[in-house]
Amino acid sequence: MKKTILITGSNGLLGQKLVHLLKHKYKVVATSLGSCLISNQSDFIYQSLDITEEKNILQIFEKYKPDFVINTAAMTNVDGCEDDKELCDKINVTAVNYLSRACENFNSHLLHISTDFIFDGENGPYRENDQPNPLSYYGLSKWKSEQVLQQSNCKWAILRTIILYGTAENLQRNNIVLWGRKALKEGSELNIIDDQFRSPTLAEDLAQACYLVIEKEAIGIYNASGKDIMSIYEMVERMADFYQCDKSQINRISSTTLNQKAKRPTKTGFILDKSIKELGYKPHSFEEGLTLLEKQLN
């Protein structure tokens with residue numbers, strides 16, 4: 001008998017990667033708001049699900065009794081979370097509480113995706129046991145969601161990640177790599193901040209980390225990001241080199257000129273030793289990730 005995995009947010013970038021990765025080995029129940037955006041719907045089940053309604057969650061659990069749940073659903077628009085804190089809490093915190101309670105009742109293992117934005121960026125790169133200090137409401141909501149799990153009685157794991165990139169079908173949200181690639185190839189002028197440092201993460205790498213957690217039934221917190229830490233400016237520069245585009249179209253700017261509602265951490269990045277050692281996590285370099293992305297786009 002195949003074990004059953006319930007995926008929330010299956011229409012998103014990570015969600016789609018997980019469906020394709022896991023459906024050969026597990027019975028996959030993919031859930032998202034609205035209709036399924038994956039065109040080939042063989043080999044998995046799709047159910048529309050609003051995770052902010054506890055009764056809907058319980059109906060799905062009653063029907064499929066998942067062995068594992070991977071929660072990729074979240075409100076990730078950082079400035080949008082400042083504007084609508086109530087909705088942010090509903091999706092990022094309350095829904096996680098509902099999922100953890102259902103997992104406890106059905107003895108399901110819950111894997112939850114979190115973020116580098118739980119940190120203030122003063123002392124990056126970070127280990128799993130470093131103390132969070134979020135600067136934005138989005139970061140705070142994700143930190144609260146982690147605390148929900150840590151106080152719950154279900155089996156849980158948390159994967160923290162940074163700037164996810166990649167391509168999938170009918171994506172409703174762009175990511176910086178797809179946006180940068182298009183702008184560079186079109187010869188557009190780009191204003192890019194040079195005072196924030198991150199580790200861009202290939203969606204396939206994060207999906208693989210999820211698979212490793214499930215396979216090992218791992219418990220606890222793990223970092224799962226790209227292995228290269230760079231400024232956003234350097235990231236776009238490296239993309240220009242990769243795509244052989246003119247770097248003179250990239251302008252350095254300071255993040256203070258953007259007037260963003262939410263504060264962002266200056267330097268994050270993760271120390272990946274625990275995930276590499278305990279899970280067997282093997283992230284691609286940024287250029288390897290771009291190579292894989294290019295194959296998919298072509």
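What you see is a predicted model, and the numbers here were worked out from it, not measured in a lab.

Draft legend 1. A look at the overall build of the chain. A count of helices and strands for the chain gives 10 helices and 13 strands. Projected onto the principal axes, the alpha-carbon positions of the chain cover approximately 55 × 40 × 40 Å. Across the 298 residues that make up the chain, the buried fraction comes to 56%. Pairs at least 24 residues apart make up 76% of the contacts formed inside the chain by residues separated by at least 6 positions. Of the accessible surface of the chain, which amounts to about 13,300 Å², a share of 45% is contributed by carbon and sulfur atoms. Computed over 35 positive and 38 negative side-chain charges, the inter-centroid distance for the chain is 5 Å.

Draft legend 2. How the structure looks around unusual backbone geometry. Note the cis peptide between Gly124 and Pro125, where omega equals 0°. Locating Pro125 in the fold gives a position in the loop between strand S5 (109–115) and helix H5 (137–150). In this model, Glu217 sits at a positive phi of 50°, which is unusual for a non-glycine residue. With a relative accessible area of 40%, Glu217 lands in the partly exposed category.

Draft legend 3. A look at the packing of aromatic side chains. Inspection of the entire model under this criterion finds six aromatic pairs. Between the aromatic rings of Tyr26 and Phe68, the centroid separation amounts to 6.4 Å while the plane-to-plane angle is 85°, which identifies the pairing as edge-to-face. Here Phe68 lies in strand S4 (residues 68–71) and Tyr26 lies in the loop between helix H1 (13–22) and strand S2 (27–32), a separation of 42 residues in the sequence. When its relative accessible area of 7% is taken as the criterion, Tyr26 is described as buried. The aromatic ring of Tyr222 is capped on one face by Lys274, whose charged end is 4.4 Å from the ring centroid.

Draft legend 4. How the structure looks around helix H4 (residues 85–106). Its 22 residues place the ends of H4 30 Å apart at the C-alpha level, agreeing with the 32 Å of an ideal helix rising 1.5 Å per residue. Considering bend angle alone, the principal kink of H4 is centred on Ile91 and spans about 30°. Taken together, the buried positions of H4 are occupied by Cys88, Asp89, Ile91, Asn92, Val93, Ala95, Val96, Tyr98, Leu99, Ser100, Ala102 and Cys103. Buried residues belonging to H4 abut strand S1 (4–8), helix H2 (54–64), S4, helix H3 (78–83), S5 and H5. Of the residues trailing H4, Asn107 is marked for its positive phi of about 55°.

About the criteria used
Residues numbered from 1 in each chain as written. Predicted model: local features only at pLDDT ≥ 70, side-chain atom pairs only at ≥ 80, totals over all residues. Heavy atoms only, no water. Helix = DSSP H or I, 4+ residues; strand = E, 2+ residues; numbered from the N terminus. Buried < 20%, exposed > 50% of the residue type's maximum accessible area, 1.4 Å probe, protein only. Contact = heavy atoms within 4.5 Å. Areas by Shrake-Rupley, 256 points an atom, 1.4 Å probe, with all protein chains shown as cover. Lys, Arg positive; Asp, Glu negative; His and termini not counted. Charge placed at Lys NZ, Arg CZ, Asp CG, Glu CD. Phe/Tyr/Trp six-rings, centres within 6.5 Å; stacked < 30°, edge-to-face > 60°. Lys NZ or Arg CZ within 6 Å of the ring centre and 35° of its normal. Expected span 1.5 Å × (residues − 1). Bend = angle between axes of the 7 residues up to and from the residue.

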